[in-house]
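Coordinate inspection notes
As a plain string of letters, each chain reads:
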Amino acid sequence: MIDDSLNDLLRRAEDRPLDKAEPLVSLSAEQTHELVHALRTHHIELELQNEELRNAHRMVAESRERYVSLYDFAPVGYATVSGKGIIQQANLTLTEMLNVPRKKLVGRRLSALVVPEDGDSFYRYFRGLSAVGLKRSCELRLRRGGGDRCIWVLLESVVLPEAETAEGAAPIRCTFSDITEYTQAKVMVAAVDAMREGVVLMQLDGTIISVNPAMERLTGLTQGDLVGSTLESLLS
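Residues numbered from 1 in each chain as written. Predicted model: local features only at pLDDT ≥ 70, side-chain atom pairs only at ≥ 80, totals over all residues. Heavy atoms only, no water.

A word on the overall build of the protein chain
For the protein chain, the count of helices and strands is 9 helices and 7 strands. The buried share among the 236 residues of the protein chain stands at 25%. In the form shown here, the protein chain has an accessible surface area of approximately 16,400 Å², with 55% of it arising from carbon and sulfur atoms. (Helix = DSSP H or I, 4+ residues; strand = E, 2+ residues; numbered from the N terminus. Buried < 20%, exposed > 50% of the residue type's maximum accessible area, 1.4 Å probe, protein only. Areas by Shrake-Rupley, 256 points an atom, 1.4 Å probe, with all protein chains shown as cover.)

Focus: the nonpolar core
Among the nonpolar cores identified, the biggest contains 27 residues, and L94, L98, L105, F122, L142, L155 and F176 are the most heavily contacted of them. Only β1 (77-81), β2 (87-90), α3 (92-98), α5 (119-127), β3 (136-143), β4 (150-159) and β5 (172-178) provide two or more residues apiece to this core. Each residue touching L155, except ones within four places of it in the same chain, is listed here: F122, Y125, R136, S137, C138, L140, C174, T175 and F176. (Core = buried A, V, L, I, M, F, W, Y, C linked by side-chain atoms within 4.5 Å. Contact = heavy atoms within 4.5 Å.)

Details of the environment of G224
Mapped onto the elements, G224 comes out in helix α8 (residues 223-226). Overall, G224 belongs to the exposed group, its relative accessible area being 64%. A sequence separation of 13 residues divides G224 from V211, and the C-alpha atoms of the two residues are 9.5 Å apart.

What to know about the pairing of strand β7 (residues 208-211)
Inspection of the sheet shows strand β6 (residues 200-202) paired to β7 by 3 bridges, in the antiparallel sense. Residue pairing in the sheet places L201 in a bridge with S210 of β7. With antiparallel pairing between neighbouring strands as the criterion, β6 and β7 make up a hairpin whose turn holds 5 residues, including G206 at a positive phi of roughly 90°. (Pairing = 2+ DSSP bridges.)

So, the sheet that holds β5
The sheet built from 5 strands is open, its strands ordered β2-β1-β5-β4-β3 with antiparallel pairing. A strand with exactly one partner marks an edge of an open sheet, and here the two such strands are β2 and β3. With direction set aside, neighbouring strand axes in the sheet form an average angle of 30°. The pairing of β4 with β5 spans 7 bridges and is antiparallel. (Axes fitted to C-alpha atoms, helices over the stretch in contact; angles between N-to-C directions.)

Comments concerning α5
Helical periodicity: at 3.6 residues per turn, an α-helix aligns residues three or four positions apart in one direction. Within α5, burial applies to F122, Y125 and F126. Along the axis of α5, the buried positions cluster into a sector of 95°, meaning they face one direction only. Exposed side of α5, more than 90 degrees from the buried face: D120, Y123, R124 and R127 are the residues found there. Residues of α5 that are buried make contact with β1, β3, β4 and β5. (Arc of directions from axis to C-beta.)

The following block contains the structure:
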């Protein structure tokens with residue numbers, strides 16, 4: 001059979017030194033034709049396999065580029081932190097949020113970014129990250145640009161379901177959402193609510209959208225009664 005001859009020829013060729021070019025077997029014209037046909041078919045199969053591999057590599061590269069884009073330009077900051085609190089990876093959003101280049105962010109302790117006033121809260125929070133897959137969150141302030149400026153963030157963390165590293169603890173995936181404006185708004189609302197004077201928040205057309213407790217006491221009406229009405233109707 002031609003397949004047996006081909007296999008025998010290949011085995012014998014592998015055992016021969018490359019500098020010996022003498023014929024290994026004597027083949028008839030028909031066997032030579034079949035052997036050439038088999039070799040050509042094998043060559044085509046290899047080319048098809050190589051093309052499939054190239055396509056697979058291209059798809060992997062494209063998928064990786066899409067992942068990197070999604071990771072870097074996500075609307076929230078992402079970071080992977082070691083069990084000892086060392087930042088191992090960070091996306092572009094987080095670097096812009098903190099105004100720190102990625103190369104200066106990676107390798108730093110996450111705790112070094114926390115303002116001193118929130119250090120104890122962060123320590124307790126980080127120590128509580130133990131159960132795999134259990135998300136925990138906290139609100140704290142992070143330094144911005146390494147100076148005195150800071151931002152409020154909602155920090156959400158989860159221990160990744162991976163084997164323990166050389167440090168003895170699994171890595172942690174953290175997300176950072178900038179809640180500075182939200183926090184400032186809460187502070188303003190609390191300050192307004194604490195005022196003794198009545199305060200009314202209205203739209204441009206005069207429609208009341210919120211009042212403080214002092215205004216409720218002055219009018220004898222609840223916020224539910226006042227919201228939606230106008231100041232003109234209230235004074236008439």
